[in-house]
Amino acid sequence: MAVSDHVNLEQFMAGLKRRNPNEPEFHQAVYEVAANVFDYIADKEIYHEMQILRRIAVPDRIIMFRVCWEDDNGNIRVNKGYRVQNNNSIGPYKGGLRFDPSVNVSILKFLAFEQTFKNSLTGLPMGGAKGGSDFNVKGKSDNEVMRFCQSLMTELHRHLGEDIDVPAGDIGVGAREIGYLFGQYKRLTNRFVGVLTGKGMEYGGSPIRTEATGYGTVYMMQDMLKRNREDIEGKNCLVSGSGNVATYAAEKILQLGGKVVTLSDSAGFVYDKNGINEEKLAYIIDLKTVRRGRLEEYAREYDVEYHAGERPWQVPGDLAFPCATQNEISTAEARTLISNGCQGVSEGANMPTEAEGMKAFTDARLLYAPSKAANAGGVAISGLEMSQNSARITWKEQELQDLLREIMENIHDRCVEYGKEPGGDYVDYVKGANIAGFIKVADAMIAYGVV
Ligand code: NDP
Ligand code: 2IT
């Protein structure tokens, strides 16, 4: 075996940036993991010799394609479609599809890289991938969305398979889109298999997949608080977003006796001082998933504060749950949360906090669960949807509720195992999640040799 060149973290990052120019989100995601992993592997020669981190940071493959479709006025429209298959060392590629005008290679590479460690943390056999399109679902008719999904799947299907790559939803891809995508997969291949997750209950979906990400994010906070002999009851909670993850995080906070005072969308946030109760939340879920409206309408309907073009982090709160998108908490906003007395942050969105903001949370010794641990409940239930599809069986809802709770507790405990400060009691959950997620993938790669 050749003697490895022991680069340090700075040299590693310089090389990564040189080889992947103009991909700031990807650089940010790799740096966050590398910073912890470099420390961990300092005295573990095999990981250096096998160049593990360098290999995980190059996707197995990136598929890029044209998606043509016809709008309701008969115009031909053209979008880009992507699938980044990052790593399948511990199982078939698995990860969501995002439809949003901001989608590009940098964002999908960061998401597929993160997904690789997140999926490892769940303990289930899933590799990491992410995909999607720069298609904007906003303002499109159901028929336009259907034609777009069918066109995208016409290319994507040849790269998928129940043992190859299994996509799911993400921003802009919910139950409606998964239905159209699965319908086209089935039509093209004449196979009814678990090739997508987040499916409707009528055609192979799993109980609680819809709720799983949001619930899991709150369970992670519950476990962090429990370690400090506290709980969510009575706490003021700031939640951002008003999509799948945010609304079910809010639902679980309410079930646990917390008070949800904010939600947001891409146009602004609502500050509801009296708290968003179950009835108001049902209104918001209907507004966002059925009527596809703006949160501003909720503010008008219930006569609460609406802040156009702003994010909720200036509002004083005990706990924060960013559940919208990447880098939605700037470093300055992270500092504002800390100075306003925020005690804990659990990330429902992927990489919602800027790098310096993450450091500020840990330096201030907040209870801080990073996304790859805190939002892993969604993909964990996706993994169990795959198992149910393979066995052609549907488990009972309570079984899945219990499994989600158990998986989140295991992830919490693994973060404590690898993230607890030596000689102290503080847990650096970022470090814990990165190292625990890394080990399983790295050891599988070592077993395979140089491939
Ligand atoms: P949805 O499309 O259901 O909801 C997204 C929400 O975030 C909407 O309220 C949307 O506002 C808002 N949003 C989107 N982009 C921006 C932006 N640039 N600035 C401000 N707000 C924005 O998506 P999900 O709830 O599924 O996903 C939210 C986050 O959670 C993402 O980071 C995703 O990667 C992550 N995640 C999702 C999982 C899942 O199972 N769905 C699993 C794990 C992580 P608007 O209504 O105006 O569009
Ligand atoms: O970021 C994520 O974990 C997801 N969007 C869900 C992935 C999945 O395959 O369920």
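Owing to the predicted nature of the structure, the values given are computational and were not obtained by experimental measurement.

Caption draft 1: Seen up close, the overall build of the protein chain. A count of helices and strands for the protein chain gives 17 helices and twelve strands. By the compact-globule yardstick of 22 Å for 451 residues, the protein chain fits well, its C-alpha radius of gyration being 21 Å. The principal-axis extents of the C-alpha atoms in the protein chain amount to approximately 65 × 55 × 45 Å. Burial status across the protein chain gives 58% buried among its 451 residues. Sequence separation of at least 24 residues holds for 71% of the intrachain contacts in the protein chain that already meet a minimum separation of 6. For the protein chain, the exposed area adds up to about 18,200 Å²; of that, 48% sits on carbon and sulfur atoms. If you average the places of the 51 positive and of the 61 negative side-chain charges in the protein chain, the two averages end up 4 Å apart.

Caption draft 2: Here's a closer look at the sheet that holds strand E8 (residues 268–271). With respect to topology, seven strands assemble into an open sheet ordered E9-E8-E7-E6-E10-E11-E12, the strand pairing being mixed. Of all strands in the sheet, those bounded by a partner on one side alone are strand E9 (305–308) and strand E12 (367–369). Going across the sheet, the axis of each strand differs from the next one's by a mean of 15 degrees, ignoring polarity. Here three bridges tie strand E11 (residues 344–346) to E12, and the two strands are oriented parallel to one another. When the bridges of E12 are listed, Val-345 appears paired with Tyr-368.

Caption draft 3: Seen up close, unusual backbone geometry. Positive phi is not limited to glycine here, since Asn-327 has a value of about 55 degrees. Mapped onto the elements of the fold, Asn-327 is located in the loop between strand E10 (319–321) and helix H12 (331–339). A positive phi angle, close to 50 degrees, is found at Arg-392, a residue other than glycine. Counting through the fold element by element, Arg-392 comes out in the loop between helix H15 (376–391) and helix H16 (397–419).

Caption draft 4: Broad picture of the pattern of salt bridges. What the rule picks out here adds up to 26 salt bridges. Taking the shortest distance from any N to any O, the salt bridge between Glu-230 and Lys-235 comes out at 3.0 Å. Bridged by salt links that share partners, the residues Glu-32, Glu-114 and Lys-372 form one connected network.

Caption draft 5: Focus on the site of ligand 2. As a structural note, the neighbourhood of ligand 2 is formed by 13 residues, with Lys-94, Lys-118, Lys-130, Asp-170 and Ser-382 the closest of them. Lys-130 places a polar side-chain atom, nitrogen or oxygen, 2.9 Å from an oxygen atom of ligand 2. For ligand 2, a nitrogen atom lies 3.1 Å from a polar atom in the backbone of Gly-169. The fraction of the free accessible surface of ligand 2 (290 Å²) that becomes covered by protein chains is 95%. Of all the secondary-structure elements, those providing two or more residues to the shell around ligand 2 are strand E3 (93–99), helix H5 (105–121) and H15. The element that contributes the greatest number of residues to the shell around ligand 2 is E3, accounting for three residues. A breakdown of the residues in the shell around ligand 2 according to their chemical character gives two nonpolar, six polar and five charged.

Caption draft 6: Region of interest: the packing of aromatic side chains. Overall, the coordinates contain 17 aromatic pairs when judged by the stated rule. When the centroid spacing of 6.0 Å and the interplanar angle of 90 degrees are considered together, the rings of Phe-99 and Phe-135 count as edge-to-face. Of this pair, Phe-99 sits in strand E3 while Phe-135 is found in the loop between strand E4 (127–133) and helix H6 (142–156), placing the two residues 36 residues apart along the sequence. An aromatic cluster of three or more residues is present, and its members are Trp-69, Phe-99, Phe-135 and Phe-148. The ring of Tyr-40 has Lys-44 sitting right over it, with the charged end atom 3.9 Å from the ring centre. Between Arg-291 and the ring centre of Tyr-283, over which it is positioned, the NZ or CZ distance is 5.1 Å.

Basis of the calculations
- Each chain has its residues counted from 1, running along the sequence as written.
- Here every chain gets a letter starting at A, and every ligand a number starting at 1, in the order they are written.
- It should be noted that, the model being predicted, local features are given only for residues of pLDDT at least 70 and side-chain atom pairs only at 80 or more, the latter also being counted only at that level, while totals for whole chains, interfaces and linings use all residues.
- In computing side-chain values, all of the structure's heavy atoms are included and hydrogens and water are not.
- Only DSSP runs of H or I reaching four residues or more are called helices, and only runs of E reaching two or more are called strands; each is numbered from the N terminus.
- For a compact globule the rule gives 2.2 Å times the number of residues to the power 0.38, and the radius of gyration it is set against comes from C-alpha atoms.
- A simple rule labels every residue: compare its accessible area, found with a 1.4 Å probe on the protein chains alone, to the largest value its type can have, and call it buried under 20%, exposed over 50%, or partly exposed in between.
- Here, residues are in contact when the closest pair of their heavy atoms is within 4.5 Å.
- Each accessible area is a Shrake-Rupley result for a 1.4 Å probe, and residues are judged covered by the shown protein chains and nothing else.
- The sign given to each residue is positive for Lys and Arg and negative for Asp and Glu; His and the chain ends receive no count.
- Charge coordinates come from a single atom per side chain, which is NZ of Lys, CZ of Arg, CG of Asp or CD of Glu.
- Pairing between strands is defined by DSSP: at least two bridges between them are needed.
- Axes, fitted as lines to C-alpha atoms, cover a helix only where it is in contact. Angles between the N-to-C directions of the axes lie from 0 to 180 degrees.
- Criterion for a salt bridge: a side-chain nitrogen of Lys or Arg within 4 Å of a carboxyl oxygen of Asp or Glu.
- Near residues are defined by distance, with any heavy atom within 4 Å of the molecule or strand qualifying the residue.
- The definition of a polar contact used here is a pair of N or O atoms within 3.5 Å, where within protein one atom must be able to donate a hydrogen and the other to accept one, and adjacent residues in sequence count solely through side-chain atom pairs.
- Gly counts as polar in this scheme, as do all residues outside two lists: the nonpolar Ala, Val, Leu, Ile, Met, Phe, Trp, Tyr, Cys and Pro, and the charged Asp, Glu, Lys and Arg.
- What counts as a ring pair is set by centres within 6.5 Å for rings of Phe, Tyr and Trp (its six-membered ring), and what kind of pair is set by the plane angle: stacked under 30 degrees, edge-to-face over 60, tilted for all other angles.
- Look at NZ for Lys and CZ for Arg. If either is within 6 Å of the ring centre and within 35 degrees of the ring normal, a charge sits over the ring.

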